[in-house]
Amino acid sequence: MATRTLLCVPLVAKTVEEMLSDMAAAKAKGADLVEIRLDHLTAFNPQRDLDILLRDRPLPALVTYRPKWEGGEYEGDDEPRFEALQLAIQLGAEYVDIELKVAENFVNYISGQKPENFSLIVSSHNYQSTPSTEELGSLVARIQAVGADIVKIATTAVDIADVARMFQVIVHCQERQVPMIGLVMSERGVISRVLCPKFGGYLTFGTLDAGKTSAPGQPTISDLLNVYNIRQIGPDTKVFGIIGKPVGHSKSPILHNEAFKSIGFNAVYVPLLVDDLATFLSTYSSPDFAGFSCTIPHKEAAVVCCDEVDPIAKAIGAVNTIIKRPADGRLVGYNTDYVGAISAIEDGIRGFQLKDATVSPLAGKTFVVIGAGGAGKALAYGAKEKGAKVVIANRTYERAKELANLIGGHALTLAELENFHPEEGMILANTTSIGMQPRVNDTPLSKQALKSYALVFDAVYTPKVTRLLREAEESGAIVVSGLEMFIRQAMGQFELFTGLTAPESLMRHIVSSL
Ligand code: NAP
């Protein structure tokens, strides 16, 4: 029963006129059907409004009249609700959704009368949690027993691992030819909405605009179609993603999905809001989940969770890329931040020339790193590897000292850094979040102190030109943006994910338009 997962736009406007225009917009954006949420209409008049909404509809319609007790807006008795839904069936709606709690009453109300091209969706919503696989299985059986043509279960993800149980149940239903909509609400459940076509979900919801959601965690239809390329997702599609907390702001899904698409690589890249890395990795252990980017706060934990860690990543103590090795399923950790940042700085010094010179232009130079976190460690280790004299300045001096001892460098407080100029032509790398949006007027070092530096790099890339970089340029330094590190670490990840050369010009083009 390999039917294509349908893409449904929920219509939650307050007036019929707005719903009609949203319906046209849904069609224009590529939806397969719309869900007409009657409970969102103020002053709803069933006879008049259903006739208008269903008469010349541009797309098939799923009609829902959700009561308050199941998370909707309708507050009245069931009788007028059933009457309106029955009318929708008579007017040709392709689907009606009824809640499991009253489904038997509704089926009796319509005397089991269903037109030929009509399907009854019986739904169950859990706004607190996601039950066990066994409980979900028995819920499916109860929904089927009341006469559902399509089973719909929506639960809530307390942890991203909860979604795996829903996937299992959908796959089981598909094997038994039971059409099922299985969605897990909240930001931790987003993959349930994107990966529907992989596991055989009957439909998924995509909103018209970010604000027009009918349930927590719904992506927009544009993101489903244009970022996640949902029409290309099938059972064999490999899943990659960015593990982080928070992760919603990440631009990596846009970048990697577009890059995958450009070379026809059958994979999708999703945001993974993960609380506990070890639980996530053991839950999604199948080869289908093939590789991950790792960001704050999981880069250090990733070193411990991987079966094998590349020696450089191990020395840095941070993994930003995890690959599930196809041959044996073992998790292998890498650090592409290090290569991305150091190569960007080297090319900055060389003026983007002589790329294959054998001696690093960092050799013998004083290289000051501000920050001693994940990015700080990567930069400090990388600079040391290239023969630089490394100095680490950090808000928490003890961490600077610790890192300096580890790599064989010198530690400073941030205050000491202001008057630190043992030589001219030094290199500076900010690896703290100082200056990042929204605090764009902050900077880690005064303009006066920047005079001693020949090159200044900032790991922060929102905004692209930070106050630090602006003032460094005004002081005559070469500047290297965090965006360059971002592009290069992403290219490194792409190559580890696919085994192929990264499409550099495309990736640069995407990043510059973000
Ligand atoms: P992290 O491990 O949490 O480390 C944060 C570092 O910043 C610590 O040294 C911390 O000092 C310092 N810090 C934070 N807030 C500060 C403040 N208000 N004043 C002074 N110091 C402060 O984070 P990370 O993974 O290294 O990331 C750091 C930055 O690099 C972020 O802005 C991130 O977006 C950026 N980054 C960019 C790329 C890229 O591709 N361009 C890649 C990775 C990271 P304490 O030790 O005192 O807490």
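Source: prediction; values computed, not measured. (Residues numbered from 1 in each chain as written. Predicted model: local features only at pLDDT ≥ 70, side-chain atom pairs only at ≥ 80, totals over all residues. Heavy atoms only, no water.)

(A) Expanded view of the site of the ligand. Taken together, 24 residues form the shell around the ligand, and within it Ala 372, Ala 375, Asn 394, Thr 396 and Arg 399 come nearest. The contact in question runs from an oxygen atom of the ligand to an N or O atom on the side chain of Asn 394, over 2.8 Å. Taking Arg 395, its side chain carries an N or O atom lying 2.9 Å from an oxygen atom of the ligand. Alone, the ligand offers 930 Å² of accessible surface; in the complex the protein occludes 79% of this. For the shell around the ligand, the elements supplying multiple residues, two or more each, are helix 15 (374–385) and helix 19 (482–498). Broken down by element, the shell around the ligand gets its largest block of residues, four residues, from helix 19. Tallied by class, residues from the shell around the ligand come to ten nonpolar, ten polar and four charged. (Near = heavy atom within 4 Å. Polar contact = N/O pair within 3.5 Å; in protein donor to acceptor, adjacent residues only side chain to side chain. Areas by Shrake-Rupley, 256 points an atom, 1.4 Å probe, with all protein chains shown as cover. Helix = DSSP H or I, 4+ residues; strand = E, 2+ residues; numbered from the N terminus. Nonpolar A, V, L, I, M, F, W, Y, C, P; charged D, E, K, R; others polar.)

(B) Representation of the pattern of salt bridges within the structure. With the rule as written, the count across this model stands at 33 salt bridges. Here Arg 188 makes a salt bridge to Asp 275, at a shortest N to O gap of 2.7 Å. You can see Arg 188 sitting in the loop between strand 7 (180–185) and helix 7 (190–194) and its partner Asp 275 sitting in the loop between strand 10 (267–273) and helix 11 (277–283), a full 87 residues away along the chain. The partly exposed category is assigned to Asp 275, whose relative accessible area is 28%. A salt bridge links Glu 484 to Arg 488; the nearest nitrogen and oxygen atoms lie 2.7 Å apart. Of this pair, Glu 484 and Arg 488 both sit in helix 19, four residues apart, roughly one helical turn. For the residue pair Glu 484 and Arg 488, the accessibility class agrees, reading buried in each case. (Salt bridge = Lys/Arg side-chain N within 4 Å of Asp/Glu carboxyl O. Buried < 20%, exposed > 50% of the residue type's maximum accessible area, 1.4 Å probe, protein only.)

(C) Here's a closer look at helix 1 (residues 16–29). For helix 1, which comprises 14 residues, the first-to-last C-alpha distance of 20 Å matches the rise-based estimate of 20 Å (1.5 Å per residue) to within 8%. When we look at burial in helix 1, the residues that qualify are Val 16, Met 19, Asp 22, Met 23 and Ala 26. Looking down the long axis of helix 1, one finds its buried residues gathered within 115 degrees of arc, a one-sided arrangement. Exposed residues lying more than 90 degrees from the buried face of helix 1 are Glu 17 and Ala 28. In the stretch just after helix 1, Gly 30 is the one whose phi turns positive, near 105 degrees. (Expected span 1.5 Å × (residues − 1). Arc of directions from axis to C-beta.)

(D) Spatial organisation of the nonpolar core. Ile 36 and Leu 195 are the most contacted members of the largest nonpolar core, which totals 93 residues. The dominant element in this core, judged by the number of residues it contributes, is helix 6 (residues 162–175), at seven residues. Non-local contacts of Ile 36, meaning those with residues more than four positions away in its chain, are made with Leu 11, Met 19, Met 23, Leu 53, Leu 54, Ala 61, Leu 62, Val 63 and Thr 64. Leu 362, Ile 407, Leu 455 and Met 485 belong to the second-largest nonpolar core, a separate cluster that totals 31 residues. (Core = buried A, V, L, I, M, F, W, Y, C linked by side-chain atoms within 4.5 Å. Contact = heavy atoms within 4.5 Å.)

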